[in-house]
Amino acid sequence: MNEKETVFMEERKQMILNLLQETEKVTVAYLSELFNVSGATIRSDLRDLENEKLLLRTHGGAMRISKSAFEIEPQKRGESTECKEAIAREAVKFIDDGDTIAVDTGSTCYMFAKLLGTKKDLRVVTNDLSIAALLDQFEDITVYFIGGVIRKHYNCTIGSFGSAPFQDLVVDKAIMGTNSFTLAKGATTPDVGQAEMKRLLVSISDKVFILGNSDKIGRNSFVTFAESNHIDVIITDGAISKAYKESIEDSGIELVIAE
């Protein structure tokens, strides 16, 4: 499958999920006509989305089971806590006293932020409300909060409304969460507004770290926010496949496995 086909497939899946938010049920026949693709292609899309627990396949179609639309709902973010904590512990080893860092939103990044209290003279740029409030309690950490539009239910700001003053900052390290990662598409996220903010954090940072469970490796979401050649380190868990582990290492990206 070539690059254009892959991109369209992801767009098609997002549109299917959008339709389900409006209609609750869709049929293979309707989707096949709508997207001008075969029924087999639509059934493959629905199977992929069901495997991601984003819809329920029915005889001849699918029905809605979640509002997530390619994204984990906030109430489910506590899952795999031990794994995320292990990844966060590995990430904090890369932070030195006196660093200026950018910290992305998300549960793994929040766990990372909780471990920063032992560091001295840190400057932290973030768009996550919970992380900003947490870090404000530490005497040796100065927080620079990126304003903007608050994304409902996700405790963070998105868009470019308040980001302009931050575009000229020079940051040592960016600690980024991700919904998905492949070598072909890089780190991706389902939300366009979220991607815009993530790109800002990546663009101002000298070194980019991607934190994510192994089940996010080898999958694509809707929008790329960091291409593979802009990523320096990926920190994940030991369940990553041997093939993808070798591919990442061969690409020149440093791969850290959290135990």
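Whatever comes next refers back to the structure up there.
Residues numbered from 1 in each chain as written. Predicted model: local features only at pLDDT ≥ 70, side-chain atom pairs only at ≥ 80, totals over all residues. Heavy atoms only, no water.

Trainee: What's the story with the overall build of the chain in this structure? I'm lost.
Mentor: Tallying secondary structure elements over the chain gives eight helices and 15 strands in all. Computed over its C-alpha atoms, the radius of gyration of the chain comes to 19 Å, within 12% of the 18 Å expected for a compact globule of 259 residues. By its C-alpha atoms, the chain is 60 × 40 × 35 Å across when sized along the principal axes. For the chain, the residues scored as buried account for 50% of the 259 residues in total. Here the analysis covers contacts within the chain between residues at least 6 apart in sequence; of these, 60% occur between residues at least 24 apart. Accessible surface, the chain: about 12,800 Å² in total, of which carbon and sulfur atoms supply 49%. (Helix = DSSP H or I, 4+ residues; strand = E, 2+ residues; numbered from the N terminus. Rg over C-alpha atoms; globule rule 2.2 N^0.38 Å. Buried < 20%, exposed > 50% of the residue type's maximum accessible area, 1.4 Å probe, protein only. Contact = heavy atoms within 4.5 Å. Areas by Shrake-Rupley, 256 points an atom, 1.4 Å probe, with all protein chains shown as cover.)

Trainee: Just to check I follow, could you spell out the side chain of S228 for this structure?
Mentor: Tracing the backbone through its elements, the reader meets S228 in the loop between β13 (223–226) and β14 (233–237). Looking at S228, the relative accessible area reads 14%, which means it is buried. Within the local environment of S228, its side chain forms a polar contact with the backbone oxygen of L183, the two atoms lying 2.7 Å apart. Among all residues touching S228, those that are not within four sequence positions of it are F181, T182, L183, G186 and I253. (Polar contact = N/O pair within 3.5 Å; in protein donor to acceptor, adjacent residues only side chain to side chain.)

Trainee: Could you clarify how one ought to interpret the sheet that holds strand β10 (residues 180–182) in this entry?
Mentor: What holds strands together in a sheet is hydrogen bonding between their backbones, with the strands either parallel or antiparallel. With antiparallel pairing, three strands are arranged side by side in an open sheet as β10-β11-β13. Looking along the sheet, the strands with just one partner apiece sit at the ends: β10 and β13. The average undirected angle you get between the axes of adjacent strands in this sheet is 40°. Inspection of the sheet shows strand β11 (residues 186–189) paired to β13 by three bridges, in the antiparallel sense. By the bridge assignment for β13, A187 is matched with A226. The strands touched by helix α7 (residues 192–203) are β11 and β13; relative to β13, the strand with the most contacts, the crossing angle is about 15°. (Pairing = 2+ DSSP bridges. Axes fitted to C-alpha atoms, helices over the stretch in contact; angles between N-to-C directions.)

Trainee: Whenever I open this one, the nonpolar core confuses me. Can you help?
Mentor: Within soluble globular proteins, side chains that are nonpolar tend to cluster in buried spots. In terms of nonpolar packing, the biggest core is built from 27 residues, with M176, F181, I210, F225, I231, I234 and I248 touching the most fellow members. Breaking this core down by element, the ones donating at least two residues are β9 (171–177), α7, β12 (205–211) and β13. Here the element with the most residues in this core is α7; it accounts for five residues. In this structure, F225 is in contact with M176, G177, T178, A187, T188, T189, A195, K198, R199, V202 and I210, ignoring residues within four places of it in sequence. Formed by 26 residues, the second largest nonpolar core is a distinct cluster that contains V103, F112, A113 and V124. (Core = buried A, V, L, I, M, F, W, Y, C linked by side-chain atoms within 4.5 Å.)

Trainee: Is there a simple way to explain the packing of helix α2 (residues 28–35) against helix α3 (residues 39–51) in this structure?
Mentor: When two helices pack together, you describe them by how their axes are tilted relative to each other and by the distance separating the axes. For the pair α2 and α3, interaxial distance at closest approach is 9 Å and the crossing angle is 110°. One finds that α2 runs roughly perpendicular with respect to α3. With respect to the hand of their crossing, α2 and α3 are arranged in right-handed fashion. Contacts between α2 and α3 pair V28, L31, S32 and F35 from the former with G39, I42, R43 and L46 from the latter. (Parallel < 35°, antiparallel > 145°, perpendicular 65-115°, else oblique. Left-handed = near helix turned anticlockwise from the far one by under 90°.)

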